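Summary of structural features
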Amino acid sequence: MFKNLIKHSLRSFKRQRTYILINIFGLSIGIGCSLLIALFVINELSYDQFNTKKDRIFRLILNGKIGGQEVTLASASSIIGPTLVREFPEVEDFLRMTKGGPTVVEYDNKAFTEEHWVEADSSFFNFFSISVLKGDPKNLLNAPHKAVLSASYAKRIFGDENPIDKTLKIGSDTVRYIIAGVMADIPDNSHFKANILTSFMTDPKSGNQIWIYNNLSTYLLLKPNSSYITVNEKFPELLIKYVGPEVQRFMGISLSDFAAQGNKYRYYLQSLNDIHLDPSIQQEFKEASDPKYLKIFGSIAVLIILIAAINFMNMSTAQASRRVKEVAIKKIGGSTKGMLIMQFLSESFILSFISLIIALVFIKITLPYFNNLLGAKLLLNIFTNWYTIPLLILLCLFVCLLAGSYPAFFLSSFSPYEILKGKMKNAGQNGGLRRILVVFQFAVSILLIIGTLVMYRQIKYMLNKDVGFNKEQLIVINRAGALGTKVPSFRDAVKAISGVINIASSTGVPGHNNNKFSYTMEGRKDETFLMQTNWVDKNYLETYGITIVSGRPFNESFSTDQQACLINESAIKEFGISDVAKARFMAPRESKTKTYIPVIGVVKDFCFESMRNKIGPYILCFKTDEMMGEYLTIKLSAQAFSKTIKDIENKWKEFVPDNPLQYYFVDEDFEKMYIQEKQNAQMAVIFSILAIFIAALGLFGLTSFTVEQRTKEIGVRKAMGSSITGIYIVISREVIILVSISALIAWPLIYYIASKWLENFYYRINLGVFSFIAGLSIALGVAILTISYRIMRAARVNPAQSLKYE
């Protein structure tokens, strides 16, 4: 029976070659897109799943609110981990980790730059399932100045040598690190990246006993059968015991009074499984992905498959009149309705299977491009897991049933008596359902087009919006600490280079903020104010082009400026400061002696972080030459750009010959803030183009069929004096109406979806009407171009030939 089904299916294919090719092409693109999106979604969901203890590992989260400013950070104090193990019976172990930052590693008179350096406790390998390839797993990070290298990094530095017990100079530390072990490379689907692990106890802050000094990530391993909810319930009592006295000591108020003022200070646990898909939490390692994009692209995958399936349904039902005699003869010959349904479904399955094979080839070819686009390592491993091939066959069956069920039941329902009497000659010409399906296809296409335009407009807006400073022609040296006490001399030497306009030293730069402190204000002792804090020298404002709106900038000739500050407009508004000249802040200190910081000026608001967030209060304190600064910002002239950078590199080598210069361009760094949005917008463009292409393929097939069915009508119209333009309008009018109806359906849906998406950005575009009109125009243009060739070709045929048709 199966052989007969295959034989009949192949005969049917030969008779409908053109339409079948259209169906295969559409289905293969639809399946290919859906599988690509599935690979992307699976990759995002697989983060940290390689860890065998993943269900017992939790990260400590701090949720604080001071002076109306609320923050949620994956940050804790150094002392809390050991305390929890000691006082909470549910906690089995703790792990503290922090980024060492970009550094330089020296070995055998060679220097290597490294971005992924992490300091960690010796419990690291008890938490994460990373294989130790060399060294004793129990004695890797259990003493100061011990290091573990990833296999690839060890190969880069030592080649084929055994690195164990060799020493490295890491960063500016004068004591060399001993290589205690080599670990397997940390998987790409981990929420952190580390090529070098060093013992956390080497860092002076490992011994910090202050509870409110939160500056590192802390993980807890709970005992089997312990509940994280129980641990969360115990945190308030712990805070009263340990944080309360420090709030009293540093801020002069009790913890209960602190909370009564509307402030907040609490800890809770976040599961390791949730880290990668929770962008609401600020973290120092990899940026989290937004789960709403997984929902968006998952929906797109389903919609593209539906568009491709609708093509198949439309083409199959439209050609019903060609297959009615086949159905009648087979029924008279003894075929049952069930046998015919099986035949038609087997035809659908064969088409789906061929489309799947083409789709897999399509993915194999395009996967490197998508990996480059997403910065990911998506893999198509068909034979790696036993369940992959069965799942692909199930997908094939799903597409077969989705696309082929209705045509199969529709065609098999014809009565042989009605067919042979000629009453079914026009079977399939009732296009009510087909029109509905075409409207659905183009509604989806218009929705995707408008959504993509909105995404691109928002990204363009963020990149081009005035950020409050001039980010062009600025480079930042992000390891200025390597200069040590030579910073002033280096600054003067660089400023003397032709092509350098200015140079400034600071502890933070826009996009890289590392200090957020709470302050009190003179005359408002019961209030606290949280501000992003940056220590800057006198050249900072001029270098960045930040505008003073009132008051004055720092001036070295005024010795009092070393204890003064500048604040931004947002601080004035949010803190309700009426007289700036009289405003004085006080930083929390353990000493009872109050140190006042007078405000000498107000700067125009500037974006110091992503435009997803509202510009918050910002304070600029004066940085003396004795203070260490992480960053040097250099303003360059537009002329001889490359030569100037080369001169700066040469000057750097004169001061620190063993440390390669590490720098970045501020404008490029700002663009990286929106890399996720840019990647998703590019993906949306690709899938929108493919979706409308699939819809256009179906429209082309339907138009071809319609023209064939109306050949005599076209001949009669031409014989009666109708022009080619008139015939074109008559046949294309229906398509234009259907696409217009699609737009009316898509517009309110995409308006709601786009509005919700734009809520993620404090600074955002107005939707306006441009994107909506553009979406309709593009869809209409594609539809008209698709049908024009077929209609014009038919309209040019000699009426005599048309009237002989059939």
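Look above for the structure.
Another point: the packing of aromatic side chains. Evaluated as defined, the whole model comprises 36 aromatic pairs. Here Phe40 and Phe297 contribute two aromatic rings whose centre-to-centre distance is 6.0 Å and whose plane-to-plane angle is 85°, an arrangement assigned as edge-to-face. Note that Phe40 is positioned in helix 2 (residues 17-45) and Phe297 in helix 8 (residues 291-318), a separation of 257 residues in sequence. Judged by relative accessible area, Phe297 falls into the buried class, the value being 1%. On the basis of an interplanar angle of 45° and a centroid distance of 4.6 Å, the ring pair of Phe608 and Tyr618 is categorised as tilted. Here Tyr618 lies in strand 22 (residues 618-622) and Phe608 lies in the loop between strand 21 (596-603) and strand 22, a separation of ten residues in the sequence. Pair check on accessibility: Phe608 and Tyr618 agree, each one buried. One aromatic cluster in this structure is built from Phe124, Phe125, Phe127, Phe128, Phe192, Tyr219 and Phe285. Seen from the ring of Phe88, Lys234 lies directly overhead, with NZ or CZ sitting 5.5 Å from the centre. Residue placement shows Arg584 over the ring face of Tyr596; its charged tip is 3.9 Å from the ring centre.

On to the pattern of salt bridges, then. Using the criterion set out here, one finds 18 salt bridges in the structure. Linking Glu87 and Arg86 is a salt bridge whose minimum nitrogen-to-oxygen distance equals 3.9 Å. Residue Glu574 pairs with Lys614 through a salt bridge whose shortest N-O separation is 3.8 Å. Within this pair, whereas Glu574 is found in helix 16 (residues 569-575), its partner Lys614 is found in the loop between strand 21 and strand 22, the two being separated by 40 residues in sequence. We classify Glu574 as partly exposed; its relative accessible area is 32%. What emerges from the salt-bridge pattern is a single network uniting Arg86, Glu87 and Lys241.

Contact pair helix 3 (residues 80-87) / helix 6 (residues 228-251): the axes reach a minimum separation of 13 Å and the direction vectors enclose 120°. Taken together, helix 3 and helix 6 sit at an angle that is classed as oblique. Like other packed secondary-structure pairs, helix 3 and helix 6 cross with a definite hand, here right-handed. Contact with helix 3, carried on its side by Ile80, Thr83, Leu84, Arg86 and Glu87, involves Phe235, Leu238, Lys241 and Tyr242 of helix 6 and no other residues of that element. Of the residues assigned to the contact of helix 3 with helix 6, the class counts are five nonpolar, one polar and three charged.

A surface patch of nonpolar side chains, amounting to about 900 Å² of accessible area, comprises Phe383, Trp386, Tyr387, Ile389, Leu391, Ile393, Leu394 and Leu397. Note that Leu391 resides in helix 11 (residues 388-412). Judged by relative accessible area, which is 48%, Leu391 ranks as partly exposed.

Moving on, we come to the nonpolar core. Among the nonpolar cores identified, the biggest contains 111 residues, and Phe442, Phe687 and Val739 are the most heavily contacted of them. The residues touching Val739, leaving out its near neighbours within four places in the chain, are Phe442, Ile446, Leu776, Ala779, Leu780 and Ala783. Grouped together as the second largest cluster of nonpolar side chains are 31 residues, Leu222, Val231, Leu239 and Ile253 included.

Turning our eyes to something else, we now look at the packing of helix 14 (residues 487-495) against helix 17 (residues 641-655). A packed helix pair is summarised by two numbers, namely the angle formed by the two axes and the spacing between the axes. Two numbers describe how helix 14 lies on helix 17: the axes approach to 10 Å, and their chain directions differ by 150°. The angle between the axes of helix 14 and helix 17 places the two elements in the roughly antiparallel class. Viewed along their axes, helix 14 and helix 17 form a crossing whose handedness is right-handed. Facing Ser489, Phe490, Ala493 and Val494 of helix 14, the residues of helix 17 in contact are Ile648, Lys651, Trp652 and Phe655. Residue composition of the contact of helix 14 with helix 17, grouped by class: six nonpolar, one polar and one charged.

The buried count for strand 10 (residues 177-183) comes to six of seven residues, which makes it a mostly enclosed element. Two elements, strand 7 (residues 132-134) and strand 10, share two bridges in a ladder whose sense is antiparallel. What sits directly across from Lys134, in strand 10, is Val182. As defined by bridge partners, strand 8 (residues 146-150) adjoins strand 10 across five bridges and the pair is classed as parallel. Bridge pairing links Ser150 to Met183 in strand 10.

About the cut-offs
- Position numbers for residues count from 1 along each chain, tracking the sequence in the order it is written.
- At least 70 in pLDDT is required for a residue's local features to be given in this predicted model, at least 80 for side-chain atom pairs to be given and counted, and no such filter applies to totals for whole chains, interfaces and linings, which use all residues.
- Hydrogens and waters are ignored; side-chain quantities use all the structure's heavy atoms.
- Here is the rule: rings of Phe, Tyr and Trp (six-membered ring for Trp) pair when centre to centre is within 6.5 Å. Planes less than 30 degrees apart are stacked, more than 60 are edge-to-face, and the remainder are tilted.
- Numbered from the N terminus, helices here are DSSP runs of H or I no shorter than four residues, and strands are runs of E no shorter than two.
- In this scheme, a residue with accessible area under 20% of its type's maximum is buried, one over 50% is exposed, and one in between is partly exposed, where area comes from a 1.4 Å probe on protein chains only.
- Geometrically, a lysine NZ or arginine CZ counts as sitting over a ring once it is within 6 Å of the ring centre and also within 35 degrees of the ring normal.
- By definition, a salt bridge exists where a carboxyl oxygen of Asp or Glu is found within 4 Å of a side-chain nitrogen of Lys or Arg.
- For every element, the axis is a line fit to its C-alpha atoms; helices are fit only across the contacting stretch, and the angle between N-to-C directions ranges from 0 to 180 degrees.
- Note on terminology: angles under 35 degrees are roughly parallel, angles over 145 are roughly antiparallel, angles of 65 to 115 are roughly perpendicular, and the others are oblique.
- For a crossing to be left-handed, the near helix must be turned anticlockwise from the far one by less than a right angle; the clockwise case is right-handed.
- In what follows, residue pairs with any heavy atoms lying within 4.5 Å of each other are defined as contacts.
- As a working rule, the residues Ala, Val, Leu, Ile, Met, Phe, Trp, Tyr, Cys and Pro are called nonpolar, Asp, Glu, Lys and Arg charged, and the rest polar, with Gly in that last group.
- Each patch is built from residues that are more than 30% exposed by relative accessible area and take part in no salt bridge. Like charges join if they lie within 9 Å; nonpolar side chains (Val, Leu, Ile, Met, Phe, Trp, Tyr) join within 5 Å.
- Accessibility throughout is a Shrake-Rupley quantity obtained with a 1.4 Å probe, and a residue counts as covered only by protein chains that appear here.
- By convention a nonpolar core is built from buried Ala, Val, Leu, Ile, Met, Phe, Trp, Tyr and Cys residues, the set being connected through side-chain atoms within 4.5 Å.
- Any two strands are treated as partners once DSSP identifies two or more bridges connecting them.

Everything listed here is a matter of geometry and, on its own, says nothing about what the molecule does.
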